[in-house]
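Overview (structure and organization)
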Amino acid sequence: GAVVSQHPSWVICKSGTSVKIECRSLDFQATTMFWYRQFPKQSLMLMATSNEGSKATYEQGVEKDKFLINHASLTLSTLTVTSAHPEDSSFYICSAPSVAGVTYEQYFGPGTRLTVT
Amino acid sequence: LAKTTQPISMDSYEGQEVNITCSHNNIATNDYITWYQQFPSQGPRFIIQGYKTKVTNEVASLFIPADRKSSTLSLPRVSLSDTAVYYCLLGGGGATNKLIFGTGTLLAVQP
């Protein structure tokens, strides 16, 4: 099946710094990608929809100036956590639909564990 | 997107068949029903998807009654490696493909 990768798989950063997480669709093109956040023992929470060549759409309550999303190509979306704080420590996961606009089968990346100290 | 309700957790033993039911009373006409599996510290993995009646693939079956207000994921002869969280999600064939995850069901398989 289709493969979605994320980089890095884990990252530790100091409070106040920014961290960039990459999401790549390896063998298919994705005009849309999604970013989720998951806290320990909780479900995935959709943060935003990343659209190739246009602005991302953020879910209610997600600060767009803090979580910068760029989808510059059909295979790459990036999430930048700006001025990170310990409460931003979480598991960040991206996904991409297998065939846009047809079904809800999506391919998820392996996730990125962010720890802010 | 319509909400789904699943049991928080289930226990089973190796070799047993496990059925996880999901309620979705407000399912829309164009909603598909999709199940995902997630292991700790990994991204979710697609298991199966259906619209109505029964769907079967190499790992699971999905039963959907005529009114589509619920669905049941059936895992035949589970093993220890099936211990995971299982999510039931609804979605249509629209342009957004947005997925809203509910609480999921933590399936614990014991020897």
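Here, the structure is the one placed above.
Note that the coordinates shown come from a computational prediction; the quantities given were computed from them, not determined experimentally.

What counts, and where the lines are drawn
- Residues numbered from 1 in each chain as written.
- Chains lettered and ligands numbered in written order.
- Predicted model: local features only at pLDDT ≥ 70, side-chain atom pairs only at ≥ 80, totals over all residues.
- Heavy atoms only, no water.
- Phe/Tyr/Trp six-rings, centres within 6.5 Å; stacked < 30°, edge-to-face > 60°.
- Helix = DSSP H or I, 4+ residues; strand = E, 2+ residues; numbered from the N terminus.
- Buried < 20%, exposed > 50% of the residue type's maximum accessible area, 1.4 Å probe, protein only.
- Lys NZ or Arg CZ within 6 Å of the ring centre and 35° of its normal.
- Pairing = 2+ DSSP bridges.
- Axes fitted to C-alpha atoms, helices over the stretch in contact; angles between N-to-C directions.

Some details on the packing of aromatic side chains
Tallying each qualifying case throughout the model produces 10 aromatic pairs over all chains. Seen in terms of ring centroids, Phe-28 of chain A and Tyr-107 of chain A are 6.0 Å apart; in terms of plane orientation they differ by 55°. Their pairing is tilted. With a gap of 79 residues between them, Phe-28 of chain A in the loop between β3 (19-25) and β4 (32-38) and Tyr-107 of chain A in strand β10 (residues 106-108) connect regions that are remote in the sequence. By the burial criterion, Phe-28 of chain A is buried, and Tyr-107 of chain A matches it. On the numbers, 5.6 Å between centres and 65° between planes, the contact of Tyr-32 of chain B with Tyr-51 of chain B is edge-to-face. You can see Tyr-32 of chain B sitting in strand β3 (residues 31-38) and its partner Tyr-51 of chain B sitting in the loop between β4 (45-50) and β5 (53-56), a full 19 residues away along the chain. Put simply, the rings of Tyr-36 and Phe-108 of chain A together with Tyr-36, Phe-46, Tyr-87 and Phe-101 of chain B touch in pairs and so form one group of aromatic residues. The ring of Phe-67 of chain A carries Lys-66 of chain A above its face, with NZ or CZ at 6.0 Å from the centroid. A cation over a ring is seen here: Arg-68 of chain B above Tyr-51 of chain B, with NZ or CZ 3.9 Å from the ring centre.

Let's talk about the sheet that holds β3 of chain A
By way of backbone hydrogen bonds, the strands of a sheet pair with one another, either parallel or antiparallel. All names here are of chain A. Ordered in space as β1-β3-β8-β7, the four strands form an open sheet in which the pairing is antiparallel. Both outer strands of the open sheet, β1 (4-7) and β7 (67-73), are each paired with one neighbouring strand and no more. Neighbour-to-neighbour, the strand axes of the sheet open up by a mean angle of 20°, direction not taken into account. Bridge count between β1 and β3: four bridges; the pairing is antiparallel. Across the sheet, the residue bridging to Ser-5 is Arg-24, located in β3.

Section: unusual backbone geometry
For the bond running from His-7 of chain A to Pro-8 of chain A, omega is 0°, close enough to zero to count as cis. The residue Pro-8 of chain A is located in the loop between β1 and β2 (10-13) in this model. We note that Arg-68 of chain B has phi near 60°; this positive angle belongs to a residue other than glycine. Relative to the assigned elements, Arg-68 of chain B resides in the loop between β6 (61-64) and β7 (70-75).

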